[in-house]
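# Structure assessment
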Amino acid sequence: MKPKLSLIIPVYNASTFVLKTLQEVSNWQKSIDYSVEVIMVNDGSPDNSKIIIENYIKEQNANIKLVSYSKNKGKGYAVKQGMMQATGAYRIFTDADIPYGFEILEKILYYLDFKEFDVCIGNRRSIHSQYYTSITFARKLSSFIFTGFVSRFVVTGINDTQCGIKGFTEKVANEIFPKLAVNGFGFDIEILYLSYKKEFDIKRIPVKFEGNENSTISLLKDSILMLKDVLLIPFRYHFTKKYK
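Scoring rules and cut-offs
- Residues numbered from 1 in each chain as written.
- Predicted model: local features only at pLDDT ≥ 70, side-chain atom pairs only at ≥ 80, totals over all residues.
- Heavy atoms only, no water.
- Phe/Tyr/Trp six-rings, centres within 6.5 Å; stacked < 30°, edge-to-face > 60°.
- Helix = DSSP H or I, 4+ residues; strand = E, 2+ residues; numbered from the N terminus.
- Buried < 20%, exposed > 50% of the residue type's maximum accessible area, 1.4 Å probe, protein only.
- Lys NZ or Arg CZ within 6 Å of the ring centre and 35° of its normal.
- Salt bridge = Lys/Arg side-chain N within 4 Å of Asp/Glu carboxyl O.

An unreviewed UniProt entry lists the protein under the name Glycosyltransferase, with Neotamlana laminarinivorans as the source organism.

What follows is the structure, encoded as structure tokens:
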């Protein structure tokens, strides 16, 4: 039987908190009245994230699927692999520490299912969004500059492209994710770029954000790589067959 929802969770160097995530996910699965498949994708973590997940699934007989590979490929690649194996009528990906909670999943399903939007994305910059974790000035500044550049030259009208929770209908997910070329953090922009080009209906919703302090983003290195990836997206769309 096709699950109503596929939840994809990319994992990288999450050994300090992934057990907590597994427990929370299992408790959430037991609390809902519809079918859901959870796919955790270990993105070549050099720590023991994979072992922790494998042991938990085996010991608890958890209804969780693990996808894993030995070499780190990037968050975009991990999410893509999860989406490619998903079978749910609706597909959502979120971060490994579940920083947006589980209630938002119901809201995303509501807009995708009952309101018939094609894509539903979190918006941390909404006046209705709430932060329970402090963000450093340097990260705020880099995010402001990067988002300003992206919204001006690549994806207009969205002031938070990098929010780590996004949902899709099965049809849209199958249309977008096989085409993704960006393996790193810039994949969110690629998703939104293609969604606009395909004229999909996008719903933005406020979020409650409470993440941990163990960010896997290297501010300088990843910002440079993201900029490169983002600049290549319009080029691929207009001058190659990658997105056709």
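Still more to cover.
## Focus: the packing of aromatic side chains
Per the stated rule, a full pass over the model turns up twelve aromatic pairs. Measuring from ring centre to ring centre gives 5.5 Å for Phe-93 and Phe-187, while their planes differ by 45°; the resulting arrangement is tilted. With Phe-93 in strand E4 (residues 90–93) and Phe-187 in helix H7 (residues 187–197), this pair connects stretches of sequence that are 94 residues apart. The same class applies to Phe-93 and to Phe-187, which are both buried. Among the aromatic side chains, those forming a connected cluster through ring pairs are Phe-93, Phe-168, Phe-177 and Phe-187. A cation over an aromatic ring shows up here: Lys-4 above the ring of Tyr-34, its NZ or CZ 5.2 Å from the ring centre.

## A few points about the pattern of salt bridges
The tally for this structure, following the rule as stated, stands at ten salt bridges. A salt bridge links Lys-50 to Glu-54; the nearest nitrogen and oxygen atoms lie 3.9 Å apart. Taken as a pair, Lys-50 and Glu-54 lie in helix H2 (residues 49–60) at a separation of four residues, close to a single helical turn. With relative accessibility at 35%, the residue Glu-54 sits in the partly exposed group. With a closest N to O distance of 3.3 Å, Lys-179 and Glu-175 form a salt bridge. A single salt-bridge network, built from bridges that share partners, covers Lys-2, Arg-91 and Glu-170.

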